[in-house]
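Residues per chain are reported as follows:
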Amino acid sequence: MSKNFDVIVIGGGPGGYIAAIRAAQLGFSTACIDDWKNANGGPAPGGTCTNVGCIPSKALLQSSENYEHAGHAFAEHGIDVKGLSLNLGQMLARKDSVVKQNNDGILFLLKKNKIAFFHGRGSFVKAEGGAYEIKMAGAAEETLSAKHVIVATGSSARELPGAVFDEKLILSNAGALAIGSVPKKIGVIGAGVIGLEMGSVWRRLGAEVTVLEALPTFLGAVDEQIAKEAHKLFTKQGLAISLGVKIGTITPGKKDVTVEYVNDKGAAQKAVFDKLIVSIGRLPNTNGLNADAVGLKLDERGFIAVDGDCRTNLPNVWAVGDVVRGPMLAHKAEEEGVAVAERIAGQHGHVNFNTIPWVIYTSPEIAWVGKTEQQLKAEGVAYKAGTFPFMANGRARALGDTSGMVKFLADVKSDEILGVHMIGPMVSELISEAVVAMEFRASSEDIARICHAHPSLSEATKEAALAVEKRSLNF
Ligand code: FAD
Ligand code: NAI
């Protein structure tokens, strides 16, 4: 006997569990299937984001930054720390407990919204009579059916050919978040978001970190001026970043791993690391979905093929988050999940891809929304720019964190904000103002005329908006 629902969501990451909650809010009987297991084999909903992504990485970024501050920055504030020592076991245990709080919180939310949660793997069986039959294989096996199915199965780390993740020497994001003692030398392949965040964590805790990046440019998707500043600051902090490298053979030994590569000058190099983190992008999770049973189409890159509204080629089958095109971000997955549930209810769910913020949680943080200066140039858009350095911001001076800047890009004629780029303290929070402004199609003058609290980091945003018309007040 199959259990029948209005909506079945396969995957309980930010895309899936949020889609399930919204569907339940809209009055649909909803099931959510997720296979993530905690250390005891129990359910751990929240997906990559909660278990081995956003949440644990931010926990370790915070802990390692506290450690670095205690060792260096506190002295300037007149706080002398004697006998500072690292208890890595406690740091990792705290990270695990932060993850568990989030797992438990999601289980509570599913229950509160009367969503039937199934712990196991979901796969398509057949489409019949206007409904899809889904097999759920966990500790027990169940047959479920529903008119609407939302696939939110996420993504997994991409391996380099010949370098299998053993999570002991060659680490994916999962292994990089759980190294039991600080290695002397860590190699990181890929200077993307994970490489820089995890590289920063282990550098702060005392490892010598070398980052090897294939592209000749650093953070190519980031505004060039901001990326240049980031490269300068990260290098000064001690991250050794090599661009334009070609990775060759990777050979794991008993206790270390050897990486052969060719540097940007064409010279053959060999480096030996105690641990190697490979962070070269992620691949969509479609294995095990049994997509062929119902003819669910994938695109040429292996993602589930969807239109702008997350509709697949099959009627009433939708897909959201990392398993479809677009940025692999938790908040993008969530927005798509909400929009799909609303579309199922006949409403006009909408995701504005132009105003999805990006944040890299290094120190200083990097955050942006909208177009970069290089994109506007390439598109031939006439723009004006305004920047303001945190060096001239009173709150940043009081914090003792004056690196970086805020940069506005606005249309030369209409003054509409086209992009906002930030590097500096807490810009992960400051970027929201820019997102709201762009969502309401504000001009740079709108921000320049708004009263911002003093002293606050947000004054740098106002000042950068003022700088668009070359009328900053404090610089
Ligand atoms: P996922 O979170 O991957 O969830 C998919 C779930 O579906 C998983 O639990 C998976 O096990 C399950 N599943 C897969 N197949 C099946 C099946 N057949 N049956 C049942 N269950 C299945 N993004 C940010 O926005 N901010 C950040 O700070 C950030 N930090 C990150 C740090 C790291 C180290 C990593 C790796 C990623 C980070 N991301 C961050 C990206 C973010 O984690 C993803 O974009 C987000 O998790 C995608 O959500 P999702 O719901 O699409 O997929
Ligand atoms: P990424 O796409 O951010 O970076 C991968 C980097 O590896 C790129 O710079 C690429 O040029 C490089 N690369 C690819 N192949 C290579 C090779 N063979 N040799 C050397 N370098 C190579 O991917 P990453 O860091 O794995 O993260 C995956 C995704 O997870 C991100 O794109 C992002 O969407 C998400 N994420 C988001 C975070 C956030 O929002 N703060 C944090 C961490 C991850």
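All values reported here derive from a predicted model rather than from experimental measurement. (Residues numbered from 1 in each chain as written. Chains lettered and ligands numbered in written order. Predicted model: local features only at pLDDT ≥ 70, side-chain atom pairs only at ≥ 80, totals over all residues. Heavy atoms only, no water.)

Undergrad: Any chance you could break down the pairing of strand β14 (residues 275-278) for me, citing the residues and the numbers?
TA: Here 2 bridges tie strand β7 (residues 170-171) to β14, and the two strands are oriented parallel to one another. Opposite Ile-170, over in β14, you have Leu-276 as the bridge partner. With 4 bridges joining them, strand β8 (residues 185-189) and β14 adopt parallel strand pairing. Bridge pairing in β14 links Ile-189 to Val-278. (Pairing = 2+ DSSP bridges. Helix = DSSP H or I, 4+ residues; strand = E, 2+ residues; numbered from the N terminus.)

Undergrad: I'd love a proper account of the packing of aromatic side chains, names of residues and values included.
TA: Tallied over the entire structure, the rule returns 5 aromatic pairs. Aromatic side chains Phe-5 and Phe-118 sit 6.1 Å apart centroid to centroid with 80 degrees between the ring planes, which places their arrangement in the edge-to-face category. Residue Phe-5 is located in strand β1 (residues 3-10), and its partner Phe-118 is located in strand β3 (residues 116-128); the two are separated by 113 residues in the primary sequence. Here Phe-5 matches Phe-118 in class, with each residue buried. With 6.2 Å between their ring centres and 80 degrees between their planes, Phe-124 and Tyr-132 make a pair best called edge-to-face. Phe-124 sits in the buried class, given a relative accessible area of 1%. (Phe/Tyr/Trp six-rings, centres within 6.5 Å; stacked < 30°, edge-to-face > 60°. Buried < 20%, exposed > 50% of the residue type's maximum accessible area, 1.4 Å probe, protein only.)

Undergrad: Break down the site of ligand 1 for me, with residues and values.
TA: Around ligand 1, 37 residues are found, and the nearest of them are Asp-34, Asp-35, Thr-48, Lys-58 and Gly-122. In the model, an oxygen atom of ligand 1 is placed 3.3 Å from a nitrogen or oxygen of the Pro-14 main chain. Alone, ligand 1 offers 1,000 Å² of accessible surface; in the complex the protein occludes 94% of this. With 4 residues, helix α2 (residues 47-52) is the largest single contributor of residues to the shell around ligand 1. A class-by-class count of the residues in the shell around ligand 1 yields 14 nonpolar, 17 polar and 6 charged. (Near = heavy atom within 4 Å. Polar contact = N/O pair within 3.5 Å; in protein donor to acceptor, adjacent residues only side chain to side chain. Areas by Shrake-Rupley, 256 points an atom, 1.4 Å probe, with all protein chains shown as cover. Nonpolar A, V, L, I, M, F, W, Y, C, P; charged D, E, K, R; others polar.)

Undergrad: Describe helix α6 (residues 193-204), listing the residues and the values that go with them.
TA: Between its first and last C-alpha atoms α6 spans 17 Å; for 12 residues at 1.5 Å apiece the expected length is 16 Å, and the two agree. Across the 12 residues of α6, 10 count as buried, placing the element largely inside the fold. (Expected span 1.5 Å × (residues − 1).)

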